[in-house]
Amino acid sequence: MIVYDKTYDVIVVGAGHAGCEAALAAARMGRSTLMLTINLDAIALMSCNPAIGGLAKGHLVKEIDALGGEMGRNIDATGIQFRVLNTKKGPAVRASRAQADKQLYRLRMKHVMEQQDNLDLKQVEVTDLYLEDGSVAGVDTKGGVRYLSRTVVLTTGTFMRGLIHIGLVHYPGGRAGDLPSIGLSDGLKDVGFEVGRLKTGTPARLDGRTIDFERLEAQHGDENPIPFSFSTERIEQQQVPCHIAYTNPKSHDIIRSGLDRSPLYAGIIEGIGPRYCPSIEDKVVRFPEKDRHQTFIEPEGRETVEVYPSGMSTSLPIDIQWAFYRSIEGLERVEIMRPAYAIEYDYVNPIQLHASLETKLVRNLYNAGQINGTSGYEEAAAQGLMAGINAALRVQGKEPLVLGRSEAYIGVMIDDLVTLGTKEPYRMFTSRAEYRLLLREDNADLRLREKGHDIGLVPESLYHSFLAKKELIDSELDRLSRERLTPSAAGEELLQEWDLVGIQNAISYEQLLRRPDFTCSDLSRIYPEIMELPETVREQLEIQIKYKGYIERQLEQVARAARLESTTIPADMDYSTVPSLSAEVREKLVRFRPDTLGQASRIPGVTPAGITILSIALKARY
Ligand code: FAD
């Protein structure tokens, strides 16, 4: 091996959504960083859906942004249709989503990376880790060059031993058009990592010129598109529509006729696929009573005719794909530009990680993204950001940044992964967060901006505008609790309109705002200055006041759980010396090696009694 003549602080393997955030975070924290990827033209490429955000995923993007990551700004600059989902539901489950111009998204991210100080980019395949005394010290590459580094972050996505399936045809690939990563997963197995196999799939990309859009229902973006990033003032670009189409009984017959040549049903695919994102053949088999399935025909960009039929992923043979897509009304003449396919790939079970995303087996090695068994750009980016931050903090000799389950969806996801591991692709859902009312999209900056600033990722200018917003919210909340409407000052007409006739005492503005349908705009009739506050501040006032009781209750639950969460378990804990632990609990603790009592309490099979015994043993130890 030829050894490259520079030792980096952080090497990031992979330039997907995890790799980009990891490399930018480490470089922005002043660490000399090298990002290695199989294909420099595919930086931040969207392998599947050309969209960012969605339910729970939008929360992750906002959190990434609040901490100083790039994904939010990137989609704000390159999005072509923005929508807020669940607007009629409570604030905890409202979520932002945007269609991306796929090529622009990739190009802008590449530009940002190329402009970043302390960051080198190289196109090369990593074939193995280079270890010294049980710690990672660099990586070996296919071209025979060894790159040295104090820390390494692996973000290999769907590439490790990637195998693409279209019907009974299969061939190695990292995703369509990209080479697979061969060698690295064997290296990881040799070190002792438990490596498993997962599967995912994607629809065909269709030629928009051959679709009769007139016969489909158009779906437009929001009239006032709301940015993802707390630092984007407004979305300037023109928005484009998506279109809705449906399969029909004929489509389902065609699909059934191809099942004997489906790699999934013929038992050729061993990897486990995402349950919540089934292929169209899965939907047809699992829900035989349904006579149609919906698809959104989503543009892949402004300058291309390619469109993405969401929810129509398949690994059926190409002749079945031709017939089935053409059976959909409006798509009778459709031409496939890129076929649908499934891909199997290696992942590393994330129970082998600390909550910092450092591996338990090899010091200074961090894993992030799809390699940890997750699925989705946002899940990957969030982990990449945390791994990049923690690799940089390690080099700085500082404690890792670990977000709690009550602080961020990022904390929930990483805790789920490292505590429970995963046997199927993991994606984020709001239902995974027990403190959802605290973890809203709208308050991601209030939860995390400070932390992003403390580690050096949020620049001073952004931090100051955040502090100004926070001060304004606090002072207005105080004012609203003090200012009162007296029955005499209100006047008969307003009392009637607001259903306050007969009240004897003055009522605070806060009490008024607590009423379900009462908004700042209503309050402006007696307090006009409120409309001069920024919209984001008014939104906080309404949410924080209306949901005060529920929020306080969740904060009490968090406080009750805090003792367990903050009690750490030493990495070398010898569970065989803890008396009275049942054999099952002992076996689970040895296998999962939790970092805290809180984490231990979430391992299935670890009983409350086991936690009490462990807690006593830990007290006795110190
Ligand atoms: P990726 O985006 O896969 O990037 C991996 C990066 O690592 C690439 O830059 C690659 O070049 C590099 N790399 C890999 N190995 C090496 C090596 N040895 N040396 C150097 N560089 C290396 N997500 C969903 O949410 N829903 C879906 O329905 C969905 N379907 C998908 C279908 C398909 C066919 C594919 C391929 C992906 C799908 N995804 C889906 C997943 C989504 O693309 C990923 O979750 C996301 O891109 C993962 O980001 P990542 O950064 O972990 O990895």
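In this text, all values refer to a predicted model and were calculated from it rather than measured experimentally. (Residues numbered from 1 in each chain as written. Predicted model: local features only at pLDDT ≥ 70, side-chain atom pairs only at ≥ 80, totals over all residues. Heavy atoms only, no water.)

Colleague: Explanation requested: the pairing of strand S15 (residues 242–246) in the structure shown.
Modeller: The side chains of a regular strand alternate between the sheet's two faces. Of all five residues making up S15, four are buried, and the element is well covered by its neighbours. The pairing of S15 with strand S16 (residues 294–299) spans four bridges and is antiparallel. Across the sheet, residue Tyr246 finds its bridge partner in S16, namely Gln294. (Buried < 20%, exposed > 50% of the residue type's maximum accessible area, 1.4 Å probe, protein only. Helix = DSSP H or I, 4+ residues; strand = E, 2+ residues; numbered from the N terminus. Pairing = 2+ DSSP bridges.)

Colleague: Looking at this structure, how should I read the site of the ligand?
Modeller: Among the 35 residues in the neighbourhood of the ligand, the closest are listed as Ala18, Val126, Ser181, Gln370 and Gly376. At 3.0 Å, a backbone N or O of His17 approaches an oxygen atom of the ligand. Val126 has a polar backbone atom sitting 2.8 Å from a nitrogen atom of the ligand. With the chains in place, 96% of the 980 Å² that the ligand exposes on its own is no longer accessible. Only helix H1 (17–28), strand S2 (33–37), strand S12 (195–202), strand S19 (341–348) and helix H9 (377–395) provide two or more residues apiece to the shell around the ligand. No other element matches S12, which puts three residues into the shell around the ligand. Its residues assigned to classes, the shell around the ligand comprises 15 nonpolar, 17 polar and three charged. (Near = heavy atom within 4 Å. Polar contact = N/O pair within 3.5 Å; in protein donor to acceptor, adjacent residues only side chain to side chain. Areas by Shrake-Rupley, 256 points an atom, 1.4 Å probe, with all protein chains shown as cover. Nonpolar A, V, L, I, M, F, W, Y, C, P; charged D, E, K, R; others polar.)

Colleague: Looking at this structure, I do not really get helix H21 (residues 608–621). What am I missing?
Modeller: Quick reminder: α-helices carry 3.6 residues per turn. Residues three or four places apart thus point the same way. The first and last C-alpha atoms of H21 sit 20 Å apart over 14 residues, in line with the 20 Å expected at 1.5 Å per residue. By the burial criterion, the buried members of H21 are Gly610, Ile611, Leu614, Ser615, Ala617 and Leu618. One side of H21 carries all its buried residues, which in axial view fall inside an arc of 165 degrees. For H21, the exposed residues lying more than 90 degrees away from the buried face are Pro608, Ile616, Lys619 and Ala620. Of the surrounding secondary structure, the elements contacted by the buried residues of H21 are helix H18 (548–566), helix H19 (583–592) and helix H20 (597–601). (Expected span 1.5 Å × (residues − 1). Arc of directions from axis to C-beta. Contact = heavy atoms within 4.5 Å.)

Colleague: What am I meant to see in the sheet that holds S15 here?
Modeller: Within a sheet, adjacent strands bond to each other through the backbone by hydrogen bonds, running parallel or antiparallel. Read from one edge of the open sheet, six strands run S14-S15-S16-S17-S13-S18, paired in antiparallel fashion. The open sheet has two edge strands with one neighbour each: strand S14 (217–219) and strand S18 (336–338). Direction aside, the axes of adjacent strands within the sheet are offset by 40 degrees on average. Sheet topology note: the strand S13 (residues 205–207)/strand S17 (residues 306–309) ladder contains two bridges and is antiparallel. Residue Asp207 lies in a different strand from S17, and its bridge partner there is Glu306. Strand contacts of helix H8 (residues 318–326): S13, S17 and S18, with the helix running at about 130 degrees to S18, the strand carrying the most contacts. (Axes fitted to C-alpha atoms, helices over the stretch in contact; angles between N-to-C directions.)

Colleague: Which parts of the structure should I look at to understand the confidence of the model for the protein?
Modeller: The predicted structure's coordinates, where accompanied by low pLDDT, should not be read in detail. Here the protein averages 94 in pLDDT, while 100% of its residues score no lower than 70. This complex was scored by the predictor with a pTM of 0.94 and an ipTM of 0.98. (pLDDT = per-residue confidence, 0-100.)

Colleague: Is there a simple way to think about the pattern of salt bridges in this case?
Modeller: Counting across every chain of the model gives 44 salt bridges. Between Arg175 and Asp178 there is a salt bridge, with the nearest N and O atoms lying 2.9 Å from each other. Across the pair, Asp178 and Arg175 agree in class, each one buried. Salt-bridge contacts for Arg234 lead to Glu236; the nearest nitrogen and oxygen are separated by 3.9 Å. On the accessibility criterion, Glu236 (61% relative accessible area) is exposed. Connected through salt bridges with shared partners, the residues Arg405, Asp415, Asp416, Glu434, Glu565 and Arg602 form a single ionic network. (Salt bridge = Lys/Arg side-chain N within 4 Å of Asp/Glu carboxyl O.)

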